[in-house]
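Coordinate inspection notes
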Number of protein chains: 2
Amino acid sequence: MAPPLRHPDLRHVTLAQALAALADPVRLDIVRMAAKKDDLPCNAFLQAIPKSTASHHWRVLREAGLIRQEPEGTQKLNRLRRKEFDKRFPGLLDSVLRAKR
Amino acid sequence: MAPPLRHPDLRHVTLAQALAALADPVRLDIVRMAAKKDDLPCNAFLQAIPKSTASHHWRVLREAGLIRQEPEGTQKLNRLRRKEFDKRFPGLLDSVLRAKR
DNA sequence: TCGATTGTTCGAATTTATACGAACAATCGA
DNA sequence: TCGATTGTTCGTATAAATTCGAACAATCGA
């Protein structure tokens with residue numbers, strides 16, 4: 001896990017990219033979980049999807065500036081980049097988290 | 001233009017579907033225009049995209065419950081379903097329209 | 001050092017979205 | 001009725017997203 005993780009500056013994330021990252025049922029579930037609980041490992045879902053798929057979705061969220069991944073031993077702990085995302089897209093995450101599916 | 005247009009009940013539109021409809025630069029432009037001005041015809045864009053493409057994007061927005069299309073002579077006039085959409089997804093459209101690209 | 005744990009990367013298959021020309025349909029005005 | 005206007009539908013081509021197994025990499029504890 002040598003290469004440093006790329007956490008984009010939110011200024012470089014477009015609205016379309018942010019919406020696309022959120023426009024997936026699996027990723028919505030991840031975001032909802034991450035909103036409830038910090039420091040989720042990437043395998044928080046592995047009863048449902050294979051790990052290569054999970055890894056893909058975490059990456060999409062990371063590249064859209066929605067989550068920050070911090071290495072912690074053999075895992076990576078994930079947390080929403082709430083403040084930064086809210087500053088870039090005010091109200092968006094709130095409305096997504098408030099919406100019923 | 002005989003077949004009646006399908007305007008879904010917002011209760012049947014999922015969050016993922018709504019987000020996917022919005023997660024496209026062309027459709028974001030359309031939604032922004034429609035938010036500024038009611039009764040846009042479908043060809044409001046035709047300097048930029050061919051009409052079959054425009055028709056496609058209007059349909060995606062319609063099926064996501066974002067716009068209502070009303071036949072008016074040879075054209076179809078489009079308007080945002082603001083109230084209904086806001087009720088189903090409170091704050092979502094506001095945040096999208098407020099965001100800079 | 002060995003094995004277990006955690007997650008990434010690669011490659012490929014499948015699915016889905018986008019784009020657009022051509023033909024068609026509906027309406028209106030002359 | 002004819003032609004112009006407006007938009008849909010169809011077919012197809014291209015691009016992008018999703019999925020997943022297999023192999024690999026990094027860390028930790030025994």
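Described below are features of the structure shown in this document. Quick caveat: nothing in here was measured; it's all calculated off a predicted structure. (Residues numbered from 1 in each chain as written. Chains lettered and ligands numbered in written order. Predicted model: local features only at pLDDT ≥ 70, side-chain atom pairs only at ≥ 80, totals over all residues. Heavy atoms only, no water.)

Residues and elements named next belong to chain A. Sheet architecture is open: three strands sit in the order β1-β3-β2, paired in antiparallel fashion. Each edge of the sheet is formed by a strand with only one pairing partner; in this case those strands are β1 (40-41) and β2 (67-72). As defined by bridge partners, β1 adjoins strand β3 (residues 75-80) across two bridges and the pair is classed as antiparallel. From the neighbouring strand, Pro41 faces β3, where its bridge partner is Leu77. In the packing of helix α3 (residues 51-63) onto the sheet, the strands contacted are β1, β2 and β3, and the crossing angle to β2 comes to about 120°. (Pairing = 2+ DSSP bridges. Helix = DSSP H or I, 4+ residues; strand = E, 2+ residues; numbered from the N terminus. Contact = heavy atoms within 4.5 Å. Axes fitted to C-alpha atoms, helices over the stretch in contact; angles between N-to-C directions.)

In this section: the nonpolar core. Ranked by internal contacts, the top residues of the largest apolar core, which has 59 residues, are A:Leu19, A:Leu66, A:Leu92, B:Leu19, B:Leu66, B:Phe89 and B:Leu92. Aside from chain neighbours lying at most four places away, what touches A:Leu92 is A:Leu15, A:Leu19, A:Phe85, B:Leu92, B:Ser95 and B:Val96. (Core = buried A, V, L, I, M, F, W, Y, C linked by side-chain atoms within 4.5 Å. Buried < 20%, exposed > 50% of the residue type's maximum accessible area, 1.4 Å probe, protein only.)

The next thing to look at is α3(A). Residue and element names in this part refer to chain A. In this model, α3 (13 residues) spans 18 Å end to end at C-alpha, consistent with the 18 Å of a helix rising 1.5 Å per residue. Taken as a whole, α3 has its buried residues at Ala54, His57, Trp58, Val60, Leu61 and Arg62. In the core, the buried residues of α3 are packed alongside α1 (15-22), α2 (25-36), β1, β2 and β3. In the stretch just after α3, Gly65 is the one whose phi turns positive, near 80°. (Expected span 1.5 Å × (residues − 1).)

Shape descriptors only; they carry no functional weight alone.
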